[in-house]
Structures are given as structure tokens and as C-alpha cells.
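Fold and geometry: a report
Letter by letter, the chains look like this.
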Amino acid sequence: MPPLIQVTHPRGIYLPEADLWLDPHFGVKRAFVSHAHSDHVGRHDLTFCSEITHQLMVVRKTVKKSGVVVSPKKREVFEWEGWELRLLPAGHITGSAMLHLTRKADGVTLLYTGDYKLRQGLSAERCELMQADTLIMETTFGLPKYRFPPAEAVIAQMLVFVRETLSDGGIPVLLGYSLGKAQEILCALRDAELPVMVHASVAQITEVLAPHLGALPKWRLFDAAEAAGHVLVFPPSAKIELPKMRMAMLSGWAIQPSAKYRYGVDVALPLSDHADHPELHETVEIVKPRRIYLVHGSTREFAAELRARGHDARALGAEDQLELSFSAH
Ligand SMILES: [Zn+2]
């Protein structure tokens, strides 16, 4: 059997044969950027990413001025130095992509998920997986206790919260990250026929993404003097103080029992843009990899679970250097 594509983790995920970094946090020569969340974006000489991610990086000023950005169309083969690259929808946020690589010399493949989810969201294309010999996957919610309720049920709860707050004469404030969650919230409000006001950072991102989101509710920029009667969409980091406001946090971490107290909100609703524990297992079943590397969150625990099921699985990252050097061959 031909050897697998080599994966190392010097300071981030690196494929030495292709001299390609995957979502490095610092500037490098050649990188793949899966999506535009700031914790994944550095400034690179050559960047592979989706067209939407490129647009977001320009708005967020995370593109190197002298750098080159290549945005292959999703699903199409892009030939590059003895490799075939394919960007596949990751289902995480608008524009998010996985990278599928084929080493042309022998047809050996690798799939890097980046952040992803298999559930169909409202603001991101449905994830599309492809078989690969090596799978590098994120395990943010890699413990068995992380199992999300159906998104429709969470959205229904969100709408009840919004309507009850408004009918009590209050101002409902929905908290979600400016990129990703905020657009998911706006899409969820599209049929509610309620006036919406958004924080400036949400407005900036939503303007860029609007052509890709379908119908959106009527929204305008936040104005405290006229906020009464509106649904507010704000990032969790923004400070807001209004009379009679009630806050709901939308996050996967809301499945933890104490979330509402930790976030200091009235309601915490588990709307996540990551795969939950059953989806992680489903991913492995679909991709059928010979080897699995895990990044983010519960990497060690999920690796142990996969090994118990007979997979060659290892946690990838600085905290796992011992395990990595033991298994490197
Ligand atoms: Zn992300």
C-alpha cells in the first residue's frame, strides 16, 4: 500500500510534502484557510480559500497585501504541483470549506475538515464529505455528552423567547458571533416578520454575505433611541445596556447546564456551527480513513474512543508531542 500523506504539527498543521499549512495562526509561505473566523486567519504569501472567505478576509483586513489568493470553485479539481486540490462545503459558516488533496503520483488522499458540521444550517451550504486515506478533523465537541438537539427545535425556542419578551414590552437581544452565528440568527428570523436591529460588526459582515444568504428579515443598524419593539442581534463581546432588555446566548456550549449563569444571560440556547459527537463518528464512517488526526477540543478522548473501535487515530497538537513522536513513522 502506498504511504500516507505526511502530516506534522510543528506550530500548526503542516503537510511537508506539499509545503502547505492548514489554517495557521501566523503568516507562512503557503496556506489553506478553511474559513474567516479570526482564530484561523494569518497573512500568507499564497492562500487557498473559497471566494467568500477571500471577500471576508478583505473586509476583515486579514489578507497580506503582497500575497496571492487562489480560490478554486467548490468541488472542482485544481491541479497544483503534482497535487489535486478540491474545496468542499464544510457546513460551518457561509463560505467555509474543507480541503481534499490527492497526491497524483499514487492517488493517495487526505481530507482536512477545518471547522464543520453535518447538520444542514440556514446560512451555510450543506457539508459534503469525500472518502480519504487520511482524515484531519476538528473535535471541538468530541465528548459523548455533546449531542445537540435538532436546530429547528432550538430556533423554535428562540422565537418563543423573542415573542414573549416583545409582548412583555421588553427588548430581546440575541447574542451570536458577528460572522456565522449572527447570519444564522438572521436567517432564522426571516419568516418572523419582526423588525431587527444589528450591531455594526454584524451589519458589516451581513452586507458582504447577503448575496449568499437568500431572503433576510428587514434589518437596520442599532439605534438605542429607537430599539423598543425590535429584535437585536449582537456579538457576545459587545456591551449593551438597555431598559427591559432580555438576553439569549446562542452557542453550542449552551448544552452545558450552567451556561446561562456563566454567560450572564436570561436564556442559553444550543445552536452550534460545529459537529456534535454523533456527527464526528458519522464523519469517520463516511470518509473511511486509514489514519485519523484530531485537532481542537477533546482530541485525546475522541482519539481513545476511535482506537477502541479499531481506528488508527491520534490527537494532533503541541500537548500531544509525546504521542506524536511515538507514533511517527
Ligand atoms: Zn470557526
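Residues numbered from 1 in each chain as written. Predicted model: local features only at pLDDT ≥ 70, side-chain atom pairs only at ≥ 80, totals over all residues. Heavy atoms only, no water.

Focus: the confidence of the model for the chain
Here the chain averages 93 in pLDDT, while 96% of its residues score no lower than 70. The model gives residues 320-329 a pLDDT under 50, and that stretch makes 14 contacts with residues more than four places away or in other chains. (pLDDT = per-residue confidence, 0-100. Contact = heavy atoms within 4.5 Å.)

So, the packing of aromatic side chains
For the structure shown, the criterion picks out 10 aromatic pairs. Summarising the aromatic geometry, the rings of F48 and F78 are spaced 5.9 Å apart at their centres and angled 65° between planes, so their arrangement reads as edge-to-face. With F48 in strand β4 (residues 46-48) and F78 in strand β6 (residues 78-80), the pair connects residues that are 30 residues apart, well separated along the chain. Assessed through its relative accessible area of 1%, F48 is described here as buried. (Phe/Tyr/Trp six-rings, centres within 6.5 Å; stacked < 30°, edge-to-face > 60°. Helix = DSSP H or I, 4+ residues; strand = E, 2+ residues; numbered from the N terminus. Buried < 20%, exposed > 50% of the residue type's maximum accessible area, 1.4 Å probe, protein only.)

As for the domain arrangement of the chain
Here the chain is described as being made up of domain 1 (13-145 + 274-327) and domain 2 (151-269). The C-alpha centroid of domain 2 is placed 29 Å from the C-alpha centroid of domain 1. Between domain 1 and domain 2, a total of about 1500 Å² is buried, with carbon and sulfur atoms accounting for 70% of that surface. By the criterion of area lost to domain 2, the three top residues of domain 1 are L122, S123 and F141, representing 35% of everything that side buries. Where domain 1 touches domain 2, the interface holds zero salt bridges. At the junction of domain 1 and domain 2, the tally comes to three residue pairs in polar contact (both at pLDDT 80 or more). Taken together, the residues of the side of domain 1 that touches domain 2 sort by class into eight nonpolar, six polar and two charged. (Domains from an automatic or database assignment. Buried area = accessible area lost by both parts, 1.4 Å probe. Salt bridge = Lys/Arg side-chain N within 4 Å of Asp/Glu carboxyl O. Polar contact = N/O pair within 3.5 Å; in protein donor to acceptor, adjacent residues only side chain to side chain. Nonpolar A, V, L, I, M, F, W, Y, C, P; charged D, E, K, R; others polar.)

A closer look at the pairing of strand β11 (residues 171-175)
Successive side chains on a regular strand alternate, one facing one side of the sheet and the next facing the other. Along β11, five of the five residues are buried, which leaves the element largely enclosed by surrounding structure. Where β11 lies against strand β15 (residues 245-250), five bridges are found, and the strand directions are parallel. Counterpart to I171 in the pairing with β15 is M245. Examined bridge by bridge, β11 and strand β14 (residues 231-234) share three bridges and lie parallel to one another. Bridging across to β14, V173 finds its partner in L232. (Pairing = 2+ DSSP bridges.)

Some remarks on empty space enclosed by the protein
Scanning the entire structure with this criterion turns up two cavities of 30 Å³ or more. Approximately 90 Å³ is the volume attributed to the largest cavity. Its residues placed into classes, the lining of the largest cavity shows three nonpolar, six polar and five charged. Residue-level mapping places the lining of the largest cavity at the junction of two domains, with at least three residues from each of domain 1 (13-145 + 274-327) and domain 2 (151-269). Approximately 30 Å³ is the volume attributed to the second largest cavity. Every residue lining the second largest cavity is listed: R119, F148, P149, A151, V154, P270, L271 and S272. Considered class by class, the residues forming the lining of the second largest cavity number six nonpolar, one polar and one charged. (1 Å grid on protein atoms, 1.4 Å probe; cavity = no way out; pocket = protein on both sides within 12 Å on 5 of 7 lines; lining within 4 Å. Points joined across faces, edges and corners; volume = space filled by probe spheres on them.)

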